[in-house]
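# Results of the structural survey
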2 protein chains.
Amino acid sequence: RGCSRRQLEGRADLPNLARLLEGATGGSRRLPRPGEAAGGDNRMVDLLLAAAFVSDAQYNRNIPFKTSPEAVRLYYLYNHWIMRTATYFFIFLNLSLAVFEEPAVYPLPFLVTSLVEVLCLLVFFGRLVHFAKVTLRNVFWKDTKNICIMVAILLSLTDLTICGVLRIYNVRSIRWSRIVRPIFLINFAESRQIRRAFRSIRNTLPEITYVFLLFMFSLLMFSLMALKLFGERNLQTAEGMPYFKNYLEIVFDLYVLVTAANSPDVMMPAFDFSSWYALFFIAFVIVNTYIFMSLFLAVVYNNYKKHLKNEIRKLAYMKHRKMIEAFNLLKEEEGAQFVVREARWKQLVKLVAPDTSNSHRELLLRISDDEQKGFIDKKSFVQLADLLNIQVITLKIRSHPLGQWMPRVYKSAASRFLRSMVRHRGFVWTYDIIILINAIFIALDEETPYISYAEWVFLALYIAEILLKVYTYEPRAFFGKNQFWNWFDTLIIFAALTATILNTTLKSTTKYNSQQILDIVFILRVLRLIRIVDSVQRFRVIMNTLINIVPTMLTFGGLTLVVYCIFAIIGMELFYGKIQFFPANSNAPHALECGNPALKDSLFARGKYCKNNFNNFASSFIVLMELTVVNQWHDILCGGSVTVQAAKLYFIAFHIVMVIIIVNIFVSFILEAFFVEYSLEKSEVETAIEQKIQELGMGVQEDELQDEQLLDNMESAEHDLEGEGETKPQSKGLVFKIASKRYRTVDALLQRMFEAEIPLEDEGPSFEEILNLSPATAVPSNLTSESAA
Amino acid sequence: RGCSRRQLEGRADLPNLARLLEGATGGSRRLPRPGEAAGGDNRMVDLLLAAAFVSDAQYNRNIPFKTSPEAVRLYYLYNHWIMRTATYFFIFLNLSLAVFEEPAVYPLPFLVTSLVEVLCLLVFFGRLVHFAKVTLRNVFWKDTKNICIMVAILLSLTDLTICGVLRIYNVRSIRWSRIVRPIFLINFAESRQIRRAFRSIRNTLPEITYVFLLFMFSLLMFSLMALKLFGERNLQTAEGMPYFKNYLEIVFDLYVLVTAANSPDVMMPAFDFSSWYALFFIAFVIVNTYIFMSLFLAVVYNNYKKHLKNEIRKLAYMKHRKMIEAFNLLKEEEGAQFVVREARWKQLVKLVAPDTSNSHRELLLRISDDEQKGFIDKKSFVQLADLLNIQVITLKIRSHPLGQWMPRVYKSAASRFLRSMVRHRGFVWTYDIIILINAIFIALDEETPYISYAEWVFLALYIAEILLKVYTYEPRAFFGKNQFWNWFDTLIIFAALTATILNTTLKSTTKYNSQQILDIVFILRVLRLIRIVDSVQRFRVIMNTLINIVPTMLTFGGLTLVVYCIFAIIGMELFYGKIQFFPANSNAPHALECGNPALKDSLFARGKYCKNNFNNFASSFIVLMELTVVNQWHDILCGGSVTVQAAKLYFIAFHIVMVIIIVNIFVSFILEAFFVEYSLEKSEVETAIEQKIQELGMGVQEDELQDEQLLDNMESAEHDLEGEGETKPQSKGLVFKIASKRYRTVDALLQRMFEAEIPLEDEGPSFEEILNLSPATAVPSNLTSESAA
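Residues numbered from 1 in each chain as written. Chains lettered and ligands numbered in written order. Predicted model: local features only at pLDDT ≥ 70, side-chain atom pairs only at ≥ 80, totals over all residues. Heavy atoms only, no water.

The name given to chain A in an unreviewed UniProt entry is Ion transport domain-containing protein, with Falco tinnunculus as the source organism.

Here it is in structure tokens:
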């Protein structure tokens, strides 16, 4: 018999609820309007409303929706994944228009792009109207993000109209409204994380400003000193330019030195003149590069943390509030207290999490209704959202499909031996060695025929590994949701197989070695090697943290995207066509000077930087990326600002926004994520569940078992059973286990931290109070002083 | 009447104690040996021992000294500031020998340097012997730092002898022992902070190593990918070299890309070939530069914090232990408990802090003996070390000396008006404006005669400001220990005055404009402008934090010095003479190629980096500084490693040690310092004192008054008094005030945090247990479980 497990995740699919909402109130019958509902219907509507509250609490949405059944149905529709995905699609479509508009990577006629833009704007408007119907009116109009979207839509339409009209008369105008496009990405409710990051930046600004002013003061002082010390020495730079003559140029050079981009160059003339002058630059670097830059990080991190705490607290309050609302809808009197009866509770859980298995639901019930009294009190009810969020893996002792289809073969001695071999630690080690040998083969020259044959051998070995594992373990367990590396392996190997076959076919038929496919094959081959990291326990821990923070890192991807979009669009308006790139053997005039005679003999042209230009959206992005990495940005700048000296301002602004603020927030985020991981302990709710699992005799000890090990362990537990006879609860064929910590998010951890602070007796602040919470008010005013302590 | 204040700091000067130790036991009579002491003497010895314990606790020394009176006297001598300063002097003398030894900045004969080195080693040995006499034998031999010093002395002497003998036979040998010299800086007890930083690094190493291996793995994977993707394209770099052909070179190039030093250059050939290849570099930069570098910071910071906490906890235990030892020496039975009688307590405080005024001592007594019972119990006694550490400013209502010498003039209407004018906010504003105007004048050209005259006007104005302030405020208050800006101003102005006069004299007499003096004048002039920062409240807060962390930053200076010394000495052995620097108009052969034909047309020679060499200690330091700042280090490296390709290893090792570890620890330190400042609140002990001051009716509210404001406030308090008559305790002419938070150190704050955790009933762990505390053991084993919670 094999052992398998199935995941029971508390994921409620809202459209299911909406369908039920339709069904529950009687098929074709419309939903009762407020005031006209009958008893039974009313109870049903209450249940559905409560379900909406609970599922909202579970997913931490903080939209205060109207409580009429119609609004709830609209709200379900609003949260439907198709609607959400569509919104994202149109946001990115709108942003990607920049690729097709002039200056374009792939030019499209103006008419096409403007039609697409109008379509996008219509979708955004529709989405906004939909949202307005769902939320309370006063909340809707108070929310700045809705106002922002409306203004952005209006601005875009106006600009588009003006541009269209001018184009009819053949006047070229600036499409200035393109920089408002990222507003849609920021302000749609789906991208809460990006908005949070932006709010965090906004809140950090005052503090950052003071440090920045102090930093600028220090910069100006050092520049003044440099002017007095070096200005009259008639020194020359390596390029023969006058050195430190003009105050503003000194300020700029020293600003660049802060980023270390022109590190020894800017010092060399003075240093050559007298060694003592090096002290000036050392002092400058210590004060500005090290101390002030660390100070920026300290301020950003401190504010980020403070603000994050506030946000998380808001979410925790909101969740608590919603659970109480749901409780109030379902409560019945029982003795001196209000409770929710078991039957209602079960209906609710079925509505909220229809995918949950019966046994899982029973587990949750036993945890909530500790003493099996037949009802759930307020305190246990409020925990429901968290209980649903805990991923409980149901370990089903299920035999391997092959064991069912051909039991004789699967249970034969040879098969058993094979399976025990695969389970052996040596199997993993063998493949680790194979991977290492493969790495050497990859590094060797491709042309030797033996080596290209070896590639097939390795592919075969990897495929054999996957097949053996699937043969040994239950396929559904092997491809479980949490089995990151199994998925990774399989995908990489089969992609490599496909690409290699395709490449070989192309090579043999058309004699043409497709470069793109070959490149992909190369990349896939190397990616295969990454798997070895998973074999070392310590590496795995670090990798898990990294995998954990990927979703939030995507937020920063969004943030960066917004900043890049804005700067790329401005950059294209300012610097379009200043620099041209010519392929290596072009004989166009000024090919070596990037098509601009002014760049003759510049560092820019000498470094062959011609492709770093603002001629289209893609190039602009790459230039901005290079500026983010900071190095050589003064040279790139020289290229950018061939004509306008003031273009320096553009680059300095980008540096301040991107490097000083966003990169620091990114670093803060990674720091915080790691500190949370380091101080990772099981939250109270989770421990309660675990305890209950133990009590109910269905549990497996959760020690740090991972992947294969876990499966091994399950196997051995099974073998024990065979000896002891099937008297234990495991005989039910079901074992629960809390899913690995690997997939917990930083957000969830932080939230639990704050939930402990909320008193249960209290109703908590109202929705509006929660929305207006500021970091200054430690706890909302109507909380008891005890909880404030 | 003027108002003044005098600082009464609880600074015990240990030599004073030693003198008293001599005197107390009866002038010429020698100290009683253990076992032979008589009653009265014994009590005196106990008192002196207790004083040693208390003053040790006060200054957080953790040397477990012997308790014999002789050992205590030696210990006093050991801690004498002259002995300590002398040790530091010889440590730095020993380190600075590198400047005079070959390859020397200022060459000295071998005989001289070796004699100086022998002298230094003798001093170190003497210091070590002294220390051995003071501490317990088993502690001494267990302490690795003592073993380290001994080994280092032996190694140095051996090397010196071998070198001397070889030199007689004219054989040049490597002075390899020079790299052990920094060991003395690390291991002498005085530099506890540097040792702590080193311990912190040592403890971080295992964790860092795992992240580093993972990082290297990622680097190797990306390099492999790069080899496969670009290796066979036959691309060329901007210098026409083959691009990404050799695996090891790719690894190195990508390692440099992690530091962003060769940012666009390394990408350009592939990017020119196809824009899509930019994605490879973007992925590389995100993974390695951003994520892994942040991860390094996270690991270093987390460990730094963990380790710091452990160290601080050790210190807190040690302090507690020492105070209990002192208590046990002095305790007498009183009812059911042991106490220290008031008279003995006063004797003790007089011994430990002889500079404390009677009124201050009375204040401390009233705080310790709350109910005026005539004795101090254990709990209050243990606090004494902290009480002595709190800087209580005695605000003495003392009239201005001028007011005493010529009361009529000083109290005249004109004088009063003048003084009230100086105290007015407008006075500060006026000078802020003057400073701004001065800044503009400095920026203007020096040659115009009006402007050089203006310089005199400004100097006169600044001197007038200082004189007016001294006239208005009491001079001793104006030059109080905490008046940083007053000292700063006065020193800068008078230095500028001296230098300007000197410069003018030299100019008019010898017609020779001394460049050095002029440079100093310029720097001083600009420094003067810094004072304006103190006028803005927010800037002042940031500046105060920065001033607060300067002492600990010096620790990092020490750390950097150690690393630089070691790498400079190795660097000089490896790269001496490879590169020569010639002045601009030299016509030596290969002057443009830094005297090395191999460098012809290299980026190194083109950038005129010739002065970046390892030809002497000073140059080496500057090269290492440039490498720390990271930029262009691959170019500097090209220069350094003209002959040996493996020299890359030297630079990579330096980068790992300096940039990845030390710079991150520095950043961690600044982050931590700021977070502590942000969460700064008064410690319990301090609040108790303040409360007592209030109760005793002698207090002034401590709101955030600073400097001039405080003095103003005192003035107004004084005016009130005149009206009310002199009935209040202020009539004593004394007011206490807790010194400004500005000068509290991060260390002290952290310590108080941990002191709260130590239970008072318990004796705490023994000295040896304390010394062996590890971060893993949260609390020592013999503490109650309650305190461990």
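Read on for the rest.
Right, let's talk about the relation of the copies chain A and chain B for a bit. When chain A is fitted onto chain B, the two copies agree to an RMSD of 0.1 Å after a turn of 180 degrees and an axial shift of 0.0 Å. What the rotation and shift describe, once combined, is the action of a two-fold rotation axis. Comparing interface residues between copies, 100% of those in chain A also lie at the interface in chain B; the contact surface is shared. (Least-squares fit on C-alpha atoms with pLDDT ≥ 70 in both. Contact = heavy atoms within 4.5 Å.)

Moving on: the side chain of A:Asn664. All names here are of chain A. Positionally, Asn664 belongs in helix α29 (residues 647–678). Judged by relative accessible area, which is 11%, Asn664 ranks as buried. Sequence-distant contacts of Asn664, that is, excluding residues within four places in its chain, are made with Phe296, Leu297, Val300 and Val659. (Helix = DSSP H or I, 4+ residues; strand = E, 2+ residues; numbered from the N terminus. Buried < 20%, exposed > 50% of the residue type's maximum accessible area, 1.4 Å probe, protein only.)

Attention shifts here to the pattern of salt bridges. Counting across every chain of the model gives 24 salt bridges over all chains. B:Arg181 is the salt-bridge partner of B:Glu101, the closest N and O atoms lying 2.8 Å from each other. Of the two residues, B:Glu101 is situated in the loop between α4 (81–100) and α5 (110–134) and B:Arg181 in the loop between α7 (144–168) and α8 (182–187); the sequence distance between them amounts to 80 residues. For the pair B:Glu101 and B:Arg181, a shared accessibility class is recorded, and that class is buried. Each of A:Glu101, A:Glu117, A:Arg178 and A:Arg181 takes part in salt bridges that share partners, so that together they form one network. (Salt bridge = Lys/Arg side-chain N within 4 Å of Asp/Glu carboxyl O.)

Contact residues are listed per partner, giving 88 residues for chain A and 89 residues for chain B. For the chain A and chain B pair, buried surface summed over both sides reaches about 8,300 Å², with 73% attributable to carbon and sulfur atoms. In this assembly, chain A and chain B are joined by 0 salt bridges. On inspection of chain A and its partner chain B, the count reaches 6 residue pairs in polar contact (both at pLDDT 80 or more). Elements supplying a minimum of two residues to the side of chain A that touches chain B: α9 (192–230), α11 (263–273), α12 (278–330), α20 (425–443), α24 (515–529), α25 (537–575), α27 (617–629) and α29 of chain A. Taken together, the residues that form the side of chain A that touches chain B break down as 61 nonpolar, 12 polar and 15 charged. (Buried area = accessible area lost by both parts, 1.4 Å probe. Polar contact = N/O pair within 3.5 Å; in protein donor to acceptor, adjacent residues only side chain to side chain. Nonpolar A, V, L, I, M, F, W, Y, C, P; charged D, E, K, R; others polar.)

Okay, helix α21 (residues 449–472) of chain B next. The end-to-end C-alpha distance of α21(B) is 35 Å, a good match for the 34 Å that 24 residues give at a rise of 1.5 Å each. Regarding α21(B), the residues found buried are B:Ile451, B:Ala454, B:Glu455, B:Phe458, B:Leu459, B:Tyr462, B:Ile463, B:Glu465, B:Ile466, B:Lys469 and B:Thr472. (Expected span 1.5 Å × (residues − 1).)

Attention now moves to the environment of A:Arg172. Residues and elements named next belong to chain A. Along the polypeptide, Arg172 turns up in the loop between α7 (144–168) and α8 (182–187). A residue is classified by how much of its surface remains accessible, and Arg172, at 60% relative accessible area, is exposed. Separated by 29 residues in sequence, Arg172 and Asp143 place their C-alpha atoms 37 Å apart.

Here we come to empty space enclosed by the protein. Reported here for the largest cavity is a volume of approximately 1,200 Å³. Along its surface, the largest cavity is lined by 38 residues, and A:Thr289, A:Met293, A:Val663, B:Met293 and B:Val663 are the ones closest to its centre. Elements with a minimum of two residues in the lining of the largest cavity: α12, α27 and α29 of chain A together with α12 (278–330), α27 (617–629) and α29 (647–678) of chain B. Considered class by class, the residues forming the lining of the largest cavity number 24 nonpolar, 14 polar and no charged. (1 Å grid on protein atoms, 1.4 Å probe; cavity = no way out; pocket = protein on both sides within 12 Å on 5 of 7 lines; lining within 4 Å. Points joined across faces, edges and corners; volume = space filled by probe spheres on them.)

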